[in-house]
Every structure is written in structure tokens, then in C-alpha cells.
Amino acid sequence: MTPASSTAGGVGSAGAAGSGPPADDAAPPPPLRKLYRSAEGRMLGGVARGLAGHLGLPVSWVRIVFIALTVTQGLGVLLYAAFWFVVPLGTGGVGSGRQVTAAGPAADVGSAPRSRRQGESTWPRLRLRKPDKGQLFAVLALLVGAVVIADNWQFGRVNTYLWPVLLIGLGVVLVWRQADDARRAHWAEVSRRRGLVPLARSAAGVVLVAVGVSGIVVVQGSARHLGPVLQAALAVLVGVALLAGPYLVRMMQDLSEERLMRIRAQERAEVAAHVHDSVLHTLTLIQRSADDPREVARLARAQERELRNWLYKPRGRAKDEDEKPQTVSESVKATAAEVEDHHGVPIEVVCVGDCPLDEGLDAQIQAAREAMVNAAKYGVPGGATPAGGHGAGAVQVFTEVEGRTVFISVRDRGPGFDPDAVPEDRMGVRESIIGRMRRHGGTARLRSASGEGTEVELEMERAAQS
Amino acid sequence: MTNETPGTAEGTGSGTSRQVSVVLVDDHRMFRAGVQAEIGRTDDTGVDVVGEAGDVEQAVSVITATRPDVVLLDVHLPGGGGVEVLRRSASMMGAAESPVRFLALSVSDAAEDVIGVIRGGARGYVTKTITGSDLVDAIFRVADGDAVFSPRLAGFVLDAFASTDAPPADEDLDRLTQREREVLRLIARGYAYKEVAKQLFISVKTVESHVSAVLRKLQLSNRHELTRWAAARRLV
């Protein structure tokens with residue numbers, strides 16, 4: 001691939017030396033302009049368009065040069081074929097980034113390929129309609145050229161080869177073009193041509209080539225031997241298939257296996273990186289603060305939660321961790337995580353059902369947060385002492401969305417307290433929890449008994465919409 | 001089994017003469033050693049650890065050889081996981097005489113793991129953060145044929161059945177009764193069975209039977225519903 005494309009690039013720039021490059025040095029800095037065949041708006045293989053893009057010339061000029069070369073010596077066809085063969089398909093297009101003022105259609109292509117990826121769905125259809133006229137014209141010119149050649153080449157027997165050769169060429173072009181399309185579809189991840197068309201195209205190409213080859217045989221006057229020749233050819237083909245088949249199959253298997261291994265290796269590398277980034281660092285921190293059990297517990301809890309998220313959350317969502325949660329259960333979990341980190345008390349969250357947030361629910365979650373903080377501060381047996389790390393001492397948060405009602409309960413197994421005995425000036429429970437819920441049209445209930453912990457129940461109706 | 005043995009409900013079982021034989025299945029030797037140390041003091045806890053295993057093959061052979069009352073089963077195991085052990089011990093689970101019961105003990109509380117082993121026939125699911133005494137309690141309860149639900153598990157079950165509300169009438173078996181739902185809800189809120197009973201003014205035994213019913217329904221609930229449940233959570 002690399003040597004091929006580099007030679008092609010060499011040819012291209014060699015050809016350009018006379019006409020183009022110095023003028024465009026001031027152009028925006030495309031650091032390495034590689035030669036690609038244009039994938040869009042092409043007529044045959046996209047060679048001319050790609051070359052034009054590479055050299056900064058209008059497409060029509062390049063095409064005319066090719067046609068001229070073809071008419072005079074037949075060199076154009078060879079050149080074109082060579083380019084087609086060695087230059088990879090890509091987004092080169094006409095003038096990547098530069099403006100070619102002269103040629104109308106060429107100019108608009110110039111800016112388009114950059115933004116192509118997004119607009120992929122609407123773009124190609126547009127492209128296929130628009131240059132039709134130009135394409136028709138070019139095809140006509142090609143035909144005329146072909147006729148001219150046919151007329152000029154009037155040297156006897158050679159003429160009889162012309163049509164078969166043309167047929168073969170046409171067939172080859174068809175098949176190659178099809179192969180290109182397949183690659184392009186793969187590369188753009190959209191296969192616009194569906195079902196029979198590509199198959200029919202490939203088949204037509206093959207038939208054309210076959211007819212051309214047979215034609216040559218017939219022209220040589222060995223029509224009588226056609227049958228045996230075909231048989232022999234078939235036998236040879238089958239033989240080759242038999243010989244090469246196993247190797248091909250093995251190669252395919254090796255390739256796919258290799259790909260699988262690479263994917264696995266990548267996955268493993270990702271896990272290793274994550275473990276290294278988070279888990280090992282946390283373990284190091286824990287070793288360092290070994291004599292502060294509270295800190296150790298906090299670190300361990302935070303790490304456990306993070307790793308759990310990473311392992312069990314569906315892919316893709318974990319990345320948006322930083323964004324503000326959009327639903328009740330996410331929001332409750334995030335809030336609990338915050339409180340947990342802040343106070344170093346394990347909070348167990350169980351969520352049933354889910355729904356999008358609205359204003360009232362926001363208030364409810366704020367109230368729940370307050371309740372969690374209270375539970376973390378006062379509700380855990382042993383309170384601020386390190387002994388609070390036990391599972392039994394955990395604060396438990398339960399969220400249920402059922403129909404239109406959202407219910408959140410925050411519960412601890414602490415010493416409990418008497419709600420009526422709370423002094424008037426203590427605003428925590430009264431304002432932040434009960435008052436807030438009432439203002440937003442919800443209810444809050446507080447249940448506490450000495451020795452059995454405290455439970456705060458919050459209930460809120462969802463907004464009418466959503 | 002009977003209400004006369006108070007120790008079973010309390011779990012610490014210090015006063016009872018009952019003993020439960022247990023097999024530990026976990027691929028981490030350290031963890032097995034830890035659990036063994038925590039619950040294996042037979043005189044104190046009434047739990048007698050009669051065997052250990054580190055993978056599916058070992059587990060099946062050890063369980064077959066020792067026929068314990070309860071198997072503490074890790075979900076993630078080399079050789080097919082806890083579900084495979086359950087599948088291959090199905091006959092012992094259903095034995096009329098001294099059936100082997102399974103209690104899943106895992107670090108994972110992902111929905112698919114939990115539901116997977118419960119549907120495989122485990123009688124309970126607790127996470128590894130559980131304390132020693134709670135674990136002993138759970139072991140005794142499972143040995144008695146009851147079910148042990150962690151709050152999280154109760155949440156999963158509620159979730160599973162809540163999303164399939166209003167099913168056709170002939171699927172009565174798959175639906176939870178109002179009472180079962182209440183019981184589950186309280187368990188999900190972190191209540192112990194005893195507290196649930198007090199809250200609902202029913203006996204602990206009734207709570208246990210409700211929970212067992214839920215478990216039965218979970219195992220029997222038709223595939224269609226569970227597939228939908230799993231699909232909704234992108235588990236499959």
C-alpha cells in the first residue's frame with residue numbers, strides 16, 4: 001500500500017511540477033496532502049477528481065488531459081488504470097480546503113468533503129443528480145474518442161481484437177467500480193445500494209469479460225476448439241481453486257482470529273488502564289492513611305462504587321458521569337454518593353422504577369439529601385467514631401416511582417430521637433425536609449423510635465406533564 | 001422449621017443445639033478462609049463447614065459427597081459460574097429427604113447475576129458486605145426452607161414485576177399480590193423480617209411465607225415477561 005501510493009504521489013507531483021504548486025503555497029496548511037481517489041461525484045474511479053484535488057486544478061482540465069492522452073496514444077487509459085489500481089479511495093476530492101474559482105461544480109465540491117460525514121444522508125443524492133449533465137457530456141466525449149480510435153486503427157487483424165478488448169476493459173471497469181463501491185460503503189458505514197444492484201453489476205462485469213475473452217478466442221479462428229478450450233480452462237480454474245482453497249480459508253481464519261485477539265488485547269488494556277488509574281491509586285492512598293480508619297472506609301467505598309459503575313453500567317453511559325443526572329433514580333444515586341463521600345458513611349440505595357426529573361421532584365431529592373446527611377451524622381451507631389463502617393450501620397435509601405407518585409425513604413438504625421423535642425430554632429428537619437416538601441405540594445413523614453432508628457418518608461406527585 | 005425454635009429467627013443460635021452443615025463455594029481462597037473464620041466456630045454459631053470448593057467441578061463433587069444443608073455459592077466461578085453449579089445440582093435441591101439449599105453470596109449485585117441465580121434455584125441472595133451474624137442468620141433461614149432477600153434483591157424483584165403491571169388475567173401466578181408487594185417494599189427499605197412483621201401486624205412466619213411465594217413466582221414467571229424485563233434494562 002505505502003510504496004504504491006507513494007509512487008502514485010510521485011507521479012502526481014511530477015505531473016504537477018509544470019503547472020501548479022508554487023501558486024498555492026499560501027493556502028491553509030494541509031500538512032500532508034495525500035493523493036486519494038475521490039469517493040464522491042466521480043465518473044469512473046474518481047481518479048481525475050482525486051488528481052484535480054491533489055493538484056489544485058479544475059476537474060475538467062484533468063479529464064481533458066486524460067482524454068487527449070487517450071486519443072493521441074492510448075496512454076491516457078493506461079495512466080488512468082494505473083492510478084485507479086494503486087491510489088486508495090478516500091476523501092481527497094477536489095481541492096481539500098482550497099477554493100478553485102474557475103470551475104463552478106468543482107468549487108462547491110472543494111469545501112464540501114470536510115463536512116461530509118454529518119450530512120452523508122442528503123449529500124450523495126444531491127451529488128448524483130447534479131453533475132449528470134457534465135457526466136453525460138464526458139461519456140459522450142469518451143465514446144466519440146473511442147469511435148475515432150476505432151476508425152483510425154484500421155490495420156487489419158488488430159481491428160478484430162478491438163471490440164473484445166473493449167468489452168474486457170468495460171467488464172473490468174465495472175467489477176473494479178463495484179469493488180470500490182463496496183469498500184466505500186464499508187468505509188462510510190452506509191450501504192446505499194441494496195440487494196441486487198451490486199450483484200448485478202459484478203455479474204455484468206464478469207459476463208462482459210468472459211464474452212470479451214471468448215471473443216478473442218473466436219476471432220483467432222479457433223471457434224471449433226472453443227468447447228475443449230473452455231473445458232480445459234475450467235479444469236485449470238478448478239485445479240487452482242482446489243490448490244489455493246485451503247490456503248485461502250486458512251488465511252481468512254487466521255485473519256479473523258488475529259482480529260479477535262487484537263480486540264481482546266485492547267479490552268484487556270482498557271481494563272488494566274482503569275484498574276491502574278483508579279484501583280491501584282486508591283489502594284496506595286489506603287496504605288498511606290492506614291491509621292485513619294474513617295478515611296480508609298471512605299476511600300474504599302468511593303472506589304467500590306466507582307468500579308461497580310464501571311463494570312456493570314451499560315457501556316456509553318459511564319462516560320457521561322459528570323453530567324447532571326436527568327432522572328430520579330440517577331439523581332438519588334448521585335446524591336447518596338455525594339453524601340457518602342462527604343461523611344464517610346455507607347449509604348445503600350435501592351431504586352424501583354424511574355422517571356424524569358421535574359421541579360417538585362428536585363425539591364424532594366433536596367429534602368432526601370438533607371435526610372441522608374442527618375442520618376449520616378446522627379443515625380449511624382457510634383456516630384462519628386470509626387466503628388460505623390459495618391453493613392448493619394448503613395443508611396438505607398429506597399426510591400420507588402409508582403404511577404404518578406414518587407416515594408423516597410431514608411432510614412438509619414441509629415439511636416433515634418423525639419421529633420417533638422427538637423428545639424424551635426433548629427431548622428434542619430423542620431424547614432429543609434418537612435417545610436420544603438409541603439411548599440412543593442408533597443408530604444414528609446418522620447418516624448423515629450428510640451433504639452430503632454429514624455425513618456424519613458417523602459412522597460411527591462409528579463408534574464402533570466412528562 | 002417450627003416456631004418453637006427461637007434461635008432460628010434470631011440467627012445467633014447460641015442456645016440451640018441445632019447444627020447446619022455448610023459447603024463454601026468460592027474461587028477466592030482468602031475469602032473462604034475469612035468466611036470460615038467468621039461463621040465456622042461451630043459451638044458459637046451452630047454452623048459446621050463441612051467442605052470447600054473453588055470451581056464448578058469441585059463444587060459439584062463436594063456437594064454430592066457431603067450433602068450439606070446449605071451451600072454458600074459464589075456467582076462468579078471458573079467453569080460456568082454459580083448458575084452451572086445450580087443446574088448440575090438440581091436433583092439434590094429437589095430431594096424429598098434432606099434437600100440441599102443454596103444461598104448465593106456474591107460481591108456483585110448486578111441485576112442479571114441476582115435474577116440468574118434465583119431463577120437457577122437459589123433460595124436467597126446476600127452480598128459479601130454482610131456481617132457474620134447476619135450471614136449465620138441467613139444460613140439458618142435458608143436451611144429451614146425460607147428465602148432470604150437483601151434489600152437490593154427486593155428492589156430488583158419489585159422492579160421486575162412493576163414494569164409488567166396489568167398482565168393478562170391467566171397469568172395470576174406471575175403476579176405479586178398486594179401483600180407480597182408490601183412485604184417486598186419494606187424489605188427493600190432495609191427492614192429486617194422481624195420489623196416487617198411488626199410493621200404489617202403479621203407474624204414473622206407469614207412474612208417468610210410471602211417472601212418464599214415471591215421467590216417461587218420469580219422462578220416460575222414466564223419467559224416472556226423476564227425477557228421483556230431484561231430487554232428493558234439492556235441485559236440481553
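Scroll up for the structure.
Per-chain numbering applies: the sequence of each chain, read as written, is numbered from 1 onward. As a convention, the first chain written is A and the first ligand written is 1, with the rest following in written order. Local features in a predicted model are, by the rule used here, given only for residues with pLDDT of at least 70; side-chain atom pairs are given and counted only at 80 or more, and totals for whole chains, interfaces and linings are based on all residues. No hydrogens and no water enter the side-chain calculation; it runs on all heavy atoms of the structure.

Draft legend 1. Seen up close, the packing of helix α10 (residues 178-188) of chain B against helix α11 (residues 193-200) of chain B. Residues and elements named next belong to chain B. In the contact formed by α10 and α11, the axes pass within 10 Å of each other and the chain directions differ by 130°. Between α10 and α11, the crossing angle belongs to the class labelled oblique. When the axes of α10 and α11 are compared, the crossing they make is right-handed. Seen from α10, the contacting residues are Arg179, Glu182, Val183, Leu186 and Ile187; seen from α11, they are Tyr193, Val196, Gln199 and Leu200. The classification used treats Ala, Val, Leu, Ile, Met, Phe, Trp, Tyr, Cys and Pro as nonpolar, Asp, Glu, Lys and Arg as charged, and all other residues, Gly among them, as polar. Of the residues contributing to the contact of α10 with α11, the split by class is six nonpolar, one polar and two charged. Here, axes are lines fitted to C-alpha atoms. For helices the fit covers the stretch in contact, and angles between N-to-C directions go from 0 to 180 degrees. What counts as a helix is a DSSP run of H or I of at least four residues, what counts as a strand is a run of E of at least two, and both are numbered from the N terminus. Between 65 and 115 degrees an angle is taken as roughly perpendicular, under 35 as roughly parallel, over 145 as roughly antiparallel, and anywhere else as oblique. Helix crossings fall into two classes, left-handed where the near helix is turned counterclockwise from the far one by less than a right angle and right-handed where it is turned clockwise. The contact criterion used throughout is that any non-hydrogen atoms of two residues lie within 4.5 Å.

Draft legend 2. Highlighting the pairing of strand β5 (residues 124-127) of chain B. All names here are of chain B. Each pair of strands is called paired provided DSSP finds at least two bridges between the two strands. Relative to β5, strand β4 (residues 101-106) runs parallel, the two being bridged by four bridges. Bridge assignment links Leu103 to a residue of β5, and that residue is Gly124. The path from the first strand over the helix to the second decides the hand: if it runs clockwise while the strands point away from the viewer, the crossover is right-handed. Between the parallel elements β4 and β5, the chain passes through helix α7 (residues 111-120) in a crossover that is right-handed. Relative to strand β6 (residues 148-149), β5 runs parallel, the two sharing two bridges.

Draft legend 3. Molecular detail of the side chain of Gln364 of chain A. Residues and elements named next belong to chain A. Mapped onto the fold, Gln364 is located in helix α13 (residues 359-379). Per-residue accessibility, obtained with a 1.4 Å probe over protein chains only, is compared with the maximum for each type, and a residue is labelled buried under 20%, exposed over 50%, and partly exposed between these values. The class of Gln364 is buried, set by a relative accessible area of 0%. Apart from the residues within four sequence positions on either side, Gln364 is in contact with Val406, Phe407, Ile408, Met437, Leu458, Glu459 and Met460.

Draft legend 4. Examining the sheet that holds strand β3 (residues 70-73) of chain B more closely. Residue and element names in this part refer to chain B. Strand order across the open sheet formed by six strands is β2-β1-β3-β4-β5-β6, with parallel pairing between neighbours. Unpaired on one side and paired on the other, β2 (47-53) and β6 mark the two borders of the sheet. Of the strand pairs in this sheet, strand β1 (residues 20-25) and β3 are connected by four bridges, and their pairing is parallel. Of the residues in β3, the one forming a bridge with Val25 is Leu73. Contacting β1, β2, β3, β4, β5 and β6, helix α8 (residues 132-143) runs over the sheet at an angle of about 155° to β4.

Draft legend 5. Broad picture of the interface of chain B and chain A. At the interface, 22 residues of chain B touch 22 residues of chain A. By definition, the buried area sums, over both parts, the 1.4 Å-probe accessible area that each loses when the two are put together. With both chains or domains summed, chain B and chain A bury close to 1,900 Å², and 42% of this area falls on carbon and sulfur atoms. Only one rule defines a salt bridge in this text: a Lys or Arg side-chain nitrogen within 4 Å of an Asp or Glu carboxyl oxygen. There are six salt bridges connecting chain B and chain A. Put simply, Arg413 of chain A and Glu195 of chain B hold a salt bridge, and the shortest N to O gap is 3.2 Å. Side-chain atoms alone can form a polar contact between residues adjacent in sequence; in general such a contact is a pair of N or O atoms within 3.5 Å, and within protein one must be able to donate a hydrogen while the other accepts it. For the interface between chain B and chain A, the tally reads eleven residue pairs in polar contact (both at pLDDT 80 or more). Going through the elements one at a time, α9 (151-162), α10 and α11 of chain B are the ones with two or more residues in the side of chain B that touches chain A. Take the side of chain B that touches chain A: its biggest share by element is five residues, from α9 of chain B. Taken together, the residues that form the side of chain B that touches chain A break down as seven nonpolar, six polar and nine charged.

Draft legend 6. Fine view of α13 of chain A. If you check α13 of chain A, its first and last C-alpha atoms are 29 Å apart, about what 21 residues at 1.5 Å a residue would give, namely 30 Å. Where α13 of chain A begins, the side chain of Asp358 of chain A points an oxygen toward the backbone nitrogen of Gly360 of chain A, at a separation of 3.1 Å. In a helix, the anticipated span is given by 1.5 Å times the number of residues less one.

Draft legend 7. A look at the nonpolar core. Grouped together as the largest cluster of nonpolar side chains are 54 residues, with contacts concentrated most on Ile63, Phe102 and Phe149 of chain B. A total of six residues in this core trace back to one element, the largest contributor, which is α9 of chain B. Structurally, this core is a two-domain feature, drawing no fewer than three residues from each of domain 1 (20-161) and domain 2 (171-232) of chain B. Excluding its chain neighbours within four sequence positions, the residues that come into contact with Phe102 of chain B are Ile63, Val71, Leu73, Val85, Leu86, Ser89, Met93, Ala122, Arg123, Gly124 and Val142 of chain B. Residues Ala336, Ile365, Val456 and Leu458 of chain A belong to the second largest nonpolar core, which totals 29 residues. Each nonpolar core is a collection of buried residues, namely Ala, Val, Leu, Ile, Met, Phe, Trp, Tyr and Cys, held together in the definition by side-chain atoms within 4.5 Å. Domain start and stop positions are those given by an automatic or database domain assignment.

Draft legend 8. Fine view of the packing of helix α10 (residues 226-288) of chain A against helix α11 (residues 293-312) of chain A. All names here are of chain A. One can describe the packing of α10 onto α11 by two numbers: an axis separation of 9 Å at closest approach and a directional angle of 170°. With respect to each other, α10 and α11 are oriented roughly antiparallel. Contacts between α10 and α11 involve Glu270, Val271, His274, Ser278, Val279, Thr282, Leu285 and Ile286 from the former and Val296, Leu299, Ala300, Gln303, Glu306, Leu307 and Trp310 from the latter.

Draft legend 9. Region of interest: the sheet that holds strand β3 (residues 347-352) of chain A. Residues and elements named next belong to chain A. Spatial strand order, β3-β4-β5-β7-β6: five strands in an open sheet with mixed pairing. The strands lining the two open edges of the sheet, one partner per strand, are β3 and β6 (443-449). Geometrically, the sheet is characterised by an average inter-axis angle of 10° between neighbouring strands, direction not taken into account. By the bridge criterion, seven bridges tie strand β4 (residues 395-402) to strand β5 (residues 405-412) in an arrangement that is antiparallel. Looking at the pairing, Glu402 lines up with Thr405 of β5. In this fold α13 packs onto β3, β4, β5 and β7 (453-461), with an angle of close to 10° to the strand it touches most, β5.

Draft legend 10. The arrangement of unusual backbone geometry in detail. All names here are of chain B. The backbone of Arg67 sits at a positive phi, close to 45°, despite the residue not being glycine. Note on placement: Arg67 falls in the loop between α4 (56-66) and β3. Of the residues examined, Arg67 reaches a relative accessible area of 35% and is grouped as partly exposed. In this model, Phe201 sits at a positive phi of 55°, which is unusual for a non-glycine residue.

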